[in-house]
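# Summary of structural features
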Protein chains: 2
Amino acid sequence: MNPQRRGEETRSHILRAAEECFARYGYDATGVAEICRRAGVTKGAFYHHFPSKQAVFLELLDRWLATLDAQFAAVRAGAKDIPEALLRMAGMVGRIFEEEGGRLPMFLEFWSKAAHDPMVWQATISPYRRYRAFFTGMVEAGIAEGTLHSVDPEVAAGAIVSLAVGLVMQGLMDPQGADWGEVAQEGVRILLEGLKSREKE
Amino acid sequence: MNPQRRGEETRSHILRAAEECFARYGYDATGVAEICRRAGVTKGAFYHHFPSKQAVFLELLDRWLATLDAQFAAVRAGAKDIPEALLRMAGMVGRIFEEEGGRLPMFLEFWSKAAHDPMVWQATISPYRRYRAFFTGMVEAGIAEGTLHSVDPEVAAGAIVSLAVGLVMQGLMDPQGADWGEVAQEGVRILLEGLKSREKE
DNA sequence: AAAATCATACCAACCGGTCGGTATACAAGG
DNA sequence: CCTTGTATACCGACCGGTTGGTATGATTTT
């Protein structure tokens, strides 16, 4: 087989195995040996493709953030209206929890690692701020188009992101505790109710 | 000195040192030796007072949850109105971030540990569910007293807790990224705006 | 043969936890 | 008051096991 192709495959095998382990056991509790075992590869191959365990983690982080980017952009582009866009995003939550709930624990892993590791923090914080800016832009657009009433867009965006982050966290910790898809849907609806422009209070 | 009193002091020294280390470096990255160094005791003393490193962690968790309990109950009791109670709780956020911001990273540590460790999960999830129930009760009370319009109390409570959790998370990751106290205040205000009872939309 | 890819064997460091032993306080008995 | 006994608090060297990472050789492809 083509060696480059072969190399790429082992690489992705390692990535997939690492993702699974990190999500299931956590970063520290996952040994390189275990990753290799699951990937059907030896340590030699592992350290041929990645300089360190952390490098694998960071690449996983990058990829995850990239998919988030794409999803957000797609939803916004497909909606005619800011409220509609937000509601659709909320609607995605339920589906996400069902379909790739297995990959979600990585989110927590990223977050908690970033709190202590400067490199991970660097890699996390900048995309995160982009998301905040993204939602700020949405709120501004909503105000401009007249569907939202005048509020500080940054603050409103902060609240929206808080809702999202909190939703993911709770869904991770207590999946059976509630229908998180519904909570997301309804939470955004309530938030929108408070944001929608209307004559007077 | 009284030996029992002395014992209690070393015990609390260990607890304080461990809290600091866990918050700064994370649970796994913190060695028992480091905790002992900061506490000014030896390993012998450590394992005399605690059966394991995890036991220290769990005790820290218990204490933290107990203070949360007290604060919530106090605020609710002191408010004449559900919306007022929620707004006051939001107002506490800024103060909390300033005053004991140093202890907050433990929150993340608890959360991420709970995701992988059944014992920690057990210790975390039950108080957490109490909080959800607490807020559910508040929403129900708000509906009963007529200040909130009729919504599913469980769902609304889920949204409120999400906002809170997300707020803490963001404040932890990006303290300078925003005035989280203000975001909390305004976020709850918006949420309340969507929850308040009014004639017609 | 040169380069890329992977396997095997191995290491040095670290870490949670143990253990034999010491020091101090205190109560009882003489 | 002094001795003896005992429980608590504490010390610090040490151990078994694990882990991230490395060194080196084999194999395959071009």
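Numbering of residues begins from 1 in every chain and follows the order in which that chain's sequence is written. All chains are assigned letters beginning at A, and all ligands numbers beginning at 1, according to the order in which they are written. The model is predicted, so local features are restricted to residues of pLDDT at least 70 and side-chain atom pairs to those at 80 or more, both for listing and for counting; the totals for chains, interfaces and linings are taken over all residues. With hydrogens and water excluded, all non-hydrogen atoms of the structure serve as input to the side-chain values.

Our focus in this paragraph is the domain arrangement of chain A. All names here are of chain A. Bear in mind that the domain bounds are from an automatic or database domain assignment. The assigned domain composition of chain A is domain 1 (1-50) and domain 2 (54-195). Taking only C-alpha atoms into account, the centre of domain 1 sits 29 Å from that of domain 2. Put simply, buried area is how much 1.4 Å-probe accessible surface two parts lose in total, over both of them, once they are put together. Across the domain 1 to domain 2 interface the summed buried area is about 1,200 Å²; carbon plus sulfur atoms make up 68%. When residues of domain 1 are sorted by the area they lose upon contact with domain 2, Leu15, Glu19 and Tyr27 head the list and together hold 50% of the total. By salt bridge we mean one thing: a side-chain nitrogen of Lys or Arg within 4 Å of a carboxyl oxygen of Asp or Glu. Put simply, domain 1 and domain 2 have three salt bridges between them. Residues Asp28 and Lys113 are paired through a salt bridge, measuring 3.8 Å at the closest nitrogen-oxygen approach. What counts as a helix is a DSSP run of H or I of at least four residues, what counts as a strand is a run of E of at least two, and both are numbered from the N terminus. Looking at the side of domain 1 that touches domain 2 element by element, the count peaks at six residues for helix H1 (residues 3-25). Among the residues making up the side of domain 1 that touches domain 2, the classes are represented as seven nonpolar, one polar and three charged. Note on residue classes: Ala, Val, Leu, Ile, Met, Phe, Trp, Tyr, Cys and Pro are nonpolar, Asp, Glu, Lys and Arg are charged, and everything else, Gly too, is polar.

A few words now on the environment of Ile14 of chain A. Residues and elements named next belong to chain A. For Ile14, the location among the structural elements is in helix H1. A 1.4 Å probe rolled over the protein chains alone gives each residue an accessible area, and that area as a share of the maximum for its type sets the label: buried under 20%, exposed over 50%, partly exposed in between. Classification of Ile14 as buried rests on a relative accessible area of 1%. Taking the C-alpha atoms as reference points, Ile14 and Gly40, separated by 26 residues in sequence, lie 8.4 Å from one another. Once you skip the residues sitting within four places of it in the chain, Ile14 turns out to touch Ile35, Ala39, Ala45, Phe46 and Phe50. Any two residues whose heavy atoms approach within 4.5 Å at even a single point are treated as in contact.

Here we come to the packing of aromatic side chains. For this analysis, a ring pair means two rings from Phe, Tyr or Trp (six-membered ring only for Trp) whose centres lie within 6.5 Å, classed as stacked if their planes differ by under 30 degrees, edge-to-face if by over 60, and tilted for the remaining angles. Going through the model one piece at a time under the given rule, you end up with 28 aromatic pairs over all chains. On the basis of an interplanar angle of 70 degrees and a centroid distance of 5.7 Å, the ring pair of Phe22 of chain B and Phe57 of chain B is categorised as edge-to-face. Placement of the pair is Phe22 of chain B in helix H1 (residues 3-25) and Phe57 of chain B in helix H4 (residues 53-78), with a sequence separation of 35 residues. One exposure class covers both Phe22 of chain B and Phe57 of chain B, and it is buried. Cluster of aromatic residues (ring-pair linked, three or more members): Phe22, Tyr27, Phe57, Trp64, Phe107, Phe110, Trp111 and Tyr128 of chain A. The criterion for a charge sitting over a ring is simple: Lys NZ or Arg CZ within 6 Å of the ring centre, and within 35 degrees of the ring normal. Seen from the ring of Tyr27 of chain B, Lys53 of chain B lies directly overhead, with NZ or CZ sitting 4.4 Å from the centre.

This next bit is on the interface of chain B and chain A. Contacts between chain B and chain A engage 48 residues on the former and 48 residues on the latter. For the chain B and chain A pair, buried surface summed over both sides reaches about 3,900 Å², with 63% attributable to carbon and sulfur atoms. Three residues, His116, Met173 and Ile190 of chain B, lead the burial of chain B against chain A; their summed loss comes to 17% of the area buried on that side. Inspection of the chain B/chain A interface yields two salt bridges. Measuring nitrogen to oxygen at the nearest pair gives 2.6 Å for the salt bridge that ties Asp174 of chain B to Arg129 of chain A. Pairing of N or O atoms within 3.5 Å defines a polar contact, subject to two protein rules: one partner must be a possible hydrogen donor and the other a possible acceptor, and residues neighboring in sequence count only if both atoms are side-chain atoms. At the boundary of chain B with chain A, the tally comes to 18 residue pairs in polar contact (both at pLDDT 80 or more). Within the residue set of the side of chain B that touches chain A, elements represented by two or more residues are H1, helix H6 (105-114), helix H7 (118-145), helix H8 (153-173) and helix H9 (180-195) of chain B. Per-element tally for the side of chain B that touches chain A: the top contributor is H8 of chain B, with 13 residues. Per-class residue counts for the side of chain B that touches chain A are 25 nonpolar, eleven polar and twelve charged.

Let us now look at the packing of helix H5 (residues 82-99) of chain B against H7 of chain B. How two helices sit against one another is set out by the angle between their axes and by the gap between those axes. Residues and elements named next belong to chain B. Angles run from 0 to 180 degrees between N-to-C directions of axes, and those axes are lines fitted to C-alpha atoms, restricted for helices to the stretch in contact. Interaxial distance between H5 and H7 falls to 9 Å at its minimum, and their mutual angle equals 145 degrees. Only Phe134, Phe135, Met138, Ala141, Gly142 and Glu145 of H7 make contact with H5, whose side of the interface consists of Ile82, Pro83, Ala85, Leu86 and Met89. The residue makeup of the contact of H5 with H7, split by class, is nine nonpolar, one polar and one charged.

By definition here, a helix of n residues has an expected span of 1.5 Å times n minus one. The first and last C-alpha atoms of H7 of chain B sit 40 Å apart over 28 residues, in line with the 40 Å expected at 1.5 Å per residue. Taken together, the buried positions of H7 of chain B are Val120, Thr124, Ile125, Pro127, Tyr128, Tyr131, Arg132, Phe135, Thr136, Met138, Val139 and Gly142 of chain B. In this structure, the buried residues of H7 of chain B make contact with helix H8 (153-173) and helix H9 (180-195) of chain A together with H4, H5, H6 and H8 of chain B. Of the residues flanking the end of H7 of chain B, it is Gly146 of chain B, one or two places downstream, whose phi is positive at about 90 degrees.

The next subject is a negative patch on the surface. Residues form patches when they are more than 30% accessible in relative terms and have no salt bridge. Like charges link within 9 Å. Nonpolar side chains (Val, Leu, Ile, Met, Phe, Trp, Tyr) link within 5 Å. Each accessible area is a Shrake-Rupley estimate made with a 1.4 Å probe; only the visible protein chains count as cover when residues are assessed. When charges are counted, neither His nor the chain ends are considered; positive counts come from Lys and Arg and negative counts from Asp and Glu. Charge positions come from single atoms, namely NZ of Lys, CZ of Arg, CG of Asp or CD of Glu. There is a patch of like negative charges on the surface, built from Glu98, Asp179 and Glu182 of chain A together with Glu140, Asp152 and Glu154 of chain B. Its location among the elements puts Glu182 of chain A in helix H9.

Residue and element names in this part refer to chain A. Per the stated rule, a full pass over the model turns up 30 salt bridges over all chains. Salt-bridge contacts for Arg103 lead to Glu19; the nearest nitrogen and oxygen are separated by 2.8 Å. Taken as a pair, Arg103 in the loop between helix H5 (82-99) and helix H6 (105-114) and Glu19 in helix H1 lie far apart in primary sequence, 84 residues in all. We classify Arg103 as partly exposed; its relative accessible area is 40%. The class of Glu19 is buried, set by a relative accessible area of 14%.

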